[in-house]
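Commentary on secondary and tertiary structure
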Amino acid sequence: MELEIKKSRIIMDIISIFILIAYVVLWLIFSYNVILPWGRTLFDGLGDWFSDQGPGALALIIPLVFVGLGIFILIITCILGPILLFVMVIIFIILSLVAKKKWMCVIVIIYGFISLSILPAITSILILEDNKINIYNMKKEIIDKPEE
C-alpha cells in the first residue's frame, strides 16, 4: 500500500528541504570562516614548534605525522560530517515522497525529533495521519496484515 500525499504536505517537505539547504550553506560559511582558520593556525603553530626543535625534530617526525593526520581528519570530519548528514536527509525526504512508504515516514519522524529538524517530522506525522495510520500500532498492523 502506498501512501496518498496531499499537495500541502509536499509543499511542507519542499520548504523543509530549502531549510536544510540553508543549513548546508550556513555550515559551509561557518566552516570557511571559523574551522579552517583555526586549523591553519594550529598547523602553523605545529610548524613553528617543529622548526624550533632543530636536529632533535627528526626523532619527532613520526609522532608529529600522526598528530597532523589526526588533526586533519578531525577538521575534515567537522566540516564534511554535518554537510553529508544534511544532504543524506534531503535525499531521504525526496525518496520518501517518491516511494510513499510508511517506514520511510517513520524514519523521518524519528530523525526529525532527534535532530530538531521538526518540519519534516511533523509533515511525516501528518502524512501518516491523512492515511489513517497509527504509528504506535504499525508493528501490530504489519504482523497482522503483511504488505504485498
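The following paragraphs examine the structure supplied in this document. (Residues numbered from 1 in each chain as written. Predicted model: local features only at pLDDT ≥ 70, side-chain atom pairs only at ≥ 80, totals over all residues. Heavy atoms only, no water.)

1. Thoughts on the packing of aromatic side chains
Summed over the entire model, instances satisfying the criterion amount to three aromatic pairs. With 5.4 Å between their ring centres and 40° between their planes, tyrosine 23 and phenylalanine 86 make a pair best called tilted. Remark: phenylalanine 86 occurs in helix H2 (residues 61-99) and tyrosine 23 occurs in helix H1 (residues 7-52); sequence separation between them is 63 residues. Between tryptophan 27 and phenylalanine 30 the ring centres are 5.0 Å apart and the planes differ by 35°, which places this aromatic pair in the tilted class. Highlighted residues: tryptophan 27 and phenylalanine 30, both in helix H1, separated by three residues, approximately one helical turn. Residue class for tryptophan 27 comes out partly exposed when judged on its relative accessible area of 24%. (Phe/Tyr/Trp six-rings, centres within 6.5 Å; stacked < 30°, edge-to-face > 60°. Helix = DSSP H or I, 4+ residues; strand = E, 2+ residues; numbered from the N terminus. Buried < 20%, exposed > 50% of the residue type's maximum accessible area, 1.4 Å probe, protein only.)

2. Focus on the nonpolar core
Membership of the largest hydrophobic core is limited to nine residues, which are Leu3, Ile5, Leu97, Cys105, Val106, Ile109, Ile127, Leu128 and Ile133. Mapped onto this core, the elements with two or more residues apiece are helix H3 (102-115) and helix H4 (118-130). Sort the elements by how many residues they give to this core and H3 lands first, with three residues. Counting residues in hydrophobic clusters, the runner-up holds eight residues, among them Leu20, Ile83, Val89 and Ile93. (Core = buried A, V, L, I, M, F, W, Y, C linked by side-chain atoms within 4.5 Å.)

3. Details of the pattern of salt bridges
The final tally for this structure, using the stated rule, is two salt bridges. For lysine 6, the salt bridge identified is with aspartate 130, shortest N-O distance 3.9 Å. Residue lysine 6 is located in the segment before H1, and its partner aspartate 130 is located in helix H4; the two are separated by 124 residues in the primary sequence. Measuring nitrogen to oxygen at the nearest pair gives 2.9 Å for the salt bridge that ties arginine 9 to aspartate 130. Of this pair, arginine 9 sits in helix H1 while aspartate 130 sits in helix H4, and the two are 121 residues apart along the sequence. Residue arginine 9 is classed as buried on the basis of its relative accessible area of 13%. Connected through shared salt-bridge partners, Lys6, Arg9 and Asp130 make up one network. (Salt bridge = Lys/Arg side-chain N within 4 Å of Asp/Glu carboxyl O.)

4. Structural notes on unusual backbone geometry
Despite not being glycine, lysine 100 shows a phi value in the positive range, around 60°. Its relative accessible area of 28% is what places lysine 100 among the partly exposed residues.

5. What to know about H4
Given a rise of 1.5 Å per residue, 13 residues ought to cover 18 Å, and the 18 Å separating the end C-alpha atoms of H4 matches this to within 8%. Regarding H4, the residues found buried are Pro120, Ala121, Thr123, Ser124, Ile127 and Leu128. Taken around the axis of H4, the buried residues stretch over an arc of 160°, which confines them to a single face. The elements touched by buried residues of H4 are H1, H2 and H3. In the stretch just after H4, lysine 132 is the one whose phi turns positive, near 55°. (Expected span 1.5 Å × (residues − 1). Arc of directions from axis to C-beta. Contact = heavy atoms within 4.5 Å.)

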